[in-house]
Amino acid sequence: MLAPRLAPRPPLTRWHAGLVALLYGWALLASEMALVRLVTPYVGASLPVWASVIALVLLSLAAGAALGGRLSRGGAARSTLFFGLTLAGGLLLLTPYALRPLLGWVVGDGALRPLGLAGLLLCAALPLVTMGTFSPLLVHERARADDATAGSASG
């Protein structure tokens with residue numbers, strides 16, 4: 001017996017894609033500022049701290065964009081995009097609860113613990129890498145919707 005075929009989903013409209021991009025950008029900037037506020041009691045809010053957080057965000061977004069580019073070739077960009085949105089939201093909700101104890105342990109007695117620092121970076125970067133996958137997936141969806149190139153769809 002053959003499985004029933006599902007009708008293909010209609011592509012994201014320009015309005016929906018713009019709304020997702022707007023909310024994604026807002027959440028990204030909010031999480032970056034919240035990350036700085038979260039580490040401030042432990043390491044301060046000096047210029048090197050801000051530079052480190054910005055570097056972490058940019059590296060995470062670059063890794064996420066590379067991953068999102070690979071995922072967009074799989075053909076299920078839309079379902080991957082919405083799964084990623086849900087996953088990133090859940091990870092962002094859990095991040096403060098995971099980071100506070102880790103931060104207390106990493107810089108508790110004034111000496112930086114390298115293993116704890118690696119865990120701290122991984123814990124903070126995971127939701128950001130997930131968020132970095134959104135842009136390529138969204139561009140892929142828009143290009144499919146307009147039968148356009150990726151350059152014109154991303155604009």
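Calculation rules
- Residues numbered from 1 in each chain as written.
- Predicted model: local features only at pLDDT ≥ 70, side-chain atom pairs only at ≥ 80, totals over all residues.
- Heavy atoms only, no water.
- Helix = DSSP H or I, 4+ residues; strand = E, 2+ residues; numbered from the N terminus.
- Expected span 1.5 Å × (residues − 1).
- Buried < 20%, exposed > 50% of the residue type's maximum accessible area, 1.4 Å probe, protein only.
- Contact = heavy atoms within 4.5 Å.

Q: Lay out helix 1 (residues 14–43) in plain terms, naming residues and giving numbers.
A: For an α-helix, 3.6 residues make a turn, and residues three or four places apart therefore share a direction. With 30 residues, helix 1 should cover 44 Å at 1.5 Å per step; its first-to-last C-alpha distance of 43 Å lies within 8% of that length. Among the residues of helix 1, A17, V20, Y24, L28, S31, E32, L35, V36, L38 and V39 are the ones counted as buried. Of the residues one or two after helix 1, G44 is the one with positive phi, at around 90°.

Q: Quick rundown of the side chain of T130? Include the residues and the values.
A: Here T130 lies in helix 4 (residues 114–132). T130 has contacts with G84, L87, A88 and L91, leaving out every residue within four places of it along the chain.

Q: Describe helix 2 (residues 47–72), with residues and values.
A: Over its 26 residues, helix 2 runs 37 Å from end to end, which matches the ideal 38 Å to within 8%, given 1.5 Å per residue. Looking at helix 2, one finds that the buried residues are V49, V53, L56, V57, S60, L61, G64, G68 and S72.

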